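Each chain is listed here by its residues.
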Amino acid sequence: MDDAKFRARLIEFCRAKFGEGALARCERLSGGANMASWAFDWGGREYVLRQLPEDAAHVEGEAALSLRAQADLIAIARRSGVKAPAVVARLSASDGLGQGFVMDRVAGETMPHAILGQPRFEAAVEALPVDGARELAAIHAMDLASLPGEIVARTPSERLELLVADYDALGGAIPAYDAAAGWLHEHCPEPAETVLLHGDFRMGNLVVDDRGIAAVLDWELAHIGDPLEDLAYLCTPSWRFGHWEKEAGGFASRQELLEAYRRESGQTVARARFDWWLLYNTLWWGVCCLRMGQSWRDGTMRTLERPIIGRRVSEVEIDLLLLLEPQRGASRPLSWAEPGDADYRGESHYGELLAALREREKARLGDATGHARFDALMAINALGMAQRQAELGPAFSTAHDARLAAMVRSKDRLPAQLRADWTLLRDDAVWDHLRLTAMERLTIDQPKYAGLAVAKERWT
C-alpha cells in the first residue's frame, strides 16, 4: 500500500474511533522485523499503531500470538499491574489497514544504545535491575486461567526438540550450534512450575524514561513455561548491546538482576537451570537469525534487514563458544593476527567498489530520521559486510580449509559430528579450529560486536 492510501485509511479509522481531528506526525518507527509500528498524533493525543499490513499477512506465522491475542494479553497485563500501554482501538477487515491495534504512546526511549549511552538516563539505568525484576515478577504472577487460549505451554525438552527440528529444516550446519544442542540435550532439566512468560523481555522492547521502565512492549512471543527462561533471556549475550560484561541486558550484573527478582517474587533462582536457559536462549536467537535469512531467500519477507540479521549467526557462534568454554575447561592461547588494511594496486578491486558505495550511502544519510534512517543504516551495514568479505574472505577461507584438512587427517572426524558428542570440544584441535573460524567469520560480519572483543581478550 502506498503512503497516501495508508494515510487516507488511517484518517478514516481515527475519525470513526476517536472523533474529528487531524492526523499529524505520522511516521514508521525503526526496527520491527515481523510487524510494522507507526507513531502518529490525532486530536493532540499520541498513539502507536501495531500493524501487520494486508500485503504481509503471511508473516503472521512467525509470531507465537495473533495480533488479536496480543491486544487481549496487553490489556490483561495492564489490569494485572504490569506497566503495559493502554490498548485503545483495534483494526477490523473493513478498515483496510490489515491486522493490528492502536495503543497510547508511552513517553520515553526504546533504543538500547541511546538509553545505555546518554547521561540523562544514568538514574534510569541504575533503576533497571529492580524495575525489570518487578515487571517480570508481575508478569509471572498473572493468572493463567485469564489468558487468551492461543498461549501454549511446553516443557524444556519439547522446546529443545522443536528448536533443533527448526535448525535442521533451515539447513543449519554450524558446529558451535551442534555442540550447544548436544550439551542442552544432555543437561536438559525436568519441567518446573510454569508461569506466563513475556518471551521477549529485553532492552528494545522496554520504554525507558528518566526514572526507569515506563512500559513493556512486544508481547507476540508470550507463552507458558519456566520463569528462569525469561530471566535468562534478558541475559542473552545478543541483548547486551555492546556491554558484554554486564550480563543483565547490558545494564547490570546477573547477580543484581537475580537478587532483585528474588526480592520481588519471593523465588530463588537455581544456577544450573538458569545456565541451561541462557545457552538455550542464545541458540534460539541463532536459529531465529537463520530463519530471518531464509525468509528473504524464499520470498516471504524481501527486505534488506532479513539477510543482514541472517548474518548475525556468527555473533551467536562466538557467544555459544564463550558460554560452552567453562564446560570444557581451560583453553590454550590462539595465534591470531589482526587483519591489516588492504594494499590495493593496479585495477580497481571489488572491495574498493563496495567501499565507494558505502561512503556514498553515508554521505546521503544526512538528517534522515525514523524508518528511513534505519533503512539507510541497514544498507551501510550490508555494504560493510560485503566489503570485508571481498577483502578478507579469501585469506580466511584458505586458513580455514588448511586447519580443517589437518584436523581431519589427524583425528579422522569432522565438527559436524559434535551434536552426537559435545565433549569433542575437549579435543584441543577441534576447539582451536572452531574458535579461530568463529573469530574469522565475525571479523567479516560484525567486527565491532562486543563478544568478539571478549573472545580476542580471552583466547589470544
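Here the residue numbering is sequential within each chain, running from 1 through the sequence in written order. Given that this is a predicted model, residues contribute local features only at a pLDDT of at least 70 and side-chain atom pairs are listed and counted only at 80 or more, while totals for whole chains, interfaces and linings are drawn from all residues. Calculation of side-chain values draws on the structure's entire complement of heavy atoms; hydrogens and water are dropped beforehand.

Caption draft 1: Structural view of the environment of D200. Turning to its location among the elements, D200 is positioned in the loop between β6 (195-197) and β7 (206-208). Separated by 100 residues in sequence, D200 and G100 have C-alpha atoms that sit 19 Å apart. Secondary structure elements are taken from DSSP: a helix is a run of H or I of four residues or more, a strand is a run of E of two residues or more, and numbering for both begins at the N terminus.

Caption draft 2: Region of interest: the pattern of salt bridges. Here, a salt bridge means any Lys or Arg side-chain nitrogen found within 4 Å of an Asp or Glu carboxyl oxygen. Tallying each qualifying case throughout the model produces 32 salt bridges. For the salt bridge of R7 with D3, the shortest nitrogen-to-oxygen distance reads 3.0 Å. Of this pair, R7 and D3 both sit in helix α1 (residues 3-18), 4 residues apart, which is roughly one turn of the helix. E20 is the partner of R15 in a salt bridge, and the nearest nitrogen-oxygen pair spans 3.8 Å. When its relative accessible area of 43% is taken as the criterion, R15 is described as partly exposed. Each of R328, R332, D428, D432 and R435 takes part in a single network of salt bridges with overlapping partners. With a 1.4 Å probe rolled over the protein chains alone, any residue whose accessible area is under 20% of its type maximum counts as buried; one over 50% counts as exposed, and the rest are partly exposed.

Caption draft 3: Broad picture of the nonpolar core. Each nonpolar core is a collection of buried residues, namely Ala, Val, Leu, Ile, Met, Phe, Trp, Tyr and Cys, held together in the definition by side-chain atoms within 4.5 Å. Judged by nonpolar contacts, the single largest core of 111 residues is most densely connected at L73, W219, F251, L283 and W459. Considering each element in turn, this core owes the most residues, 14 residues, to helix α9 (residues 271-297). Every residue in contact with W459, bar those within four places of it in the chain, is listed here: I318, L321, L322, E325, R332, P333, L334, W431, R435 and M439. Residue contacts follow a heavy-atom distance rule, with two residues in contact if any of their heavy atoms lie within 4.5 Å.

Caption draft 4: Structural detail: the packing of aromatic side chains. Two aromatic rings from Phe, Tyr or Trp, using only the six-membered ring of Trp, form a pair when their centres are within 6.5 Å; if the ring planes differ by under 30 degrees the pair is stacked, by over 60 it is edge-to-face, and anything between is tilted. Taken as a whole and assessed by the stated rule, the structure comprises 14 aromatic pairs. Note on W239 and W285: the rings are 4.9 Å apart at their centroids and 55 degrees apart in plane angle, and the pair reads as tilted. Linking W239 in the loop between α7 (227-234) and α8 (254-265) with W285 in helix α9, this pair joins segments that are 46 residues apart in sequence. A single burial state applies to W239 and to W285, both of which are buried.

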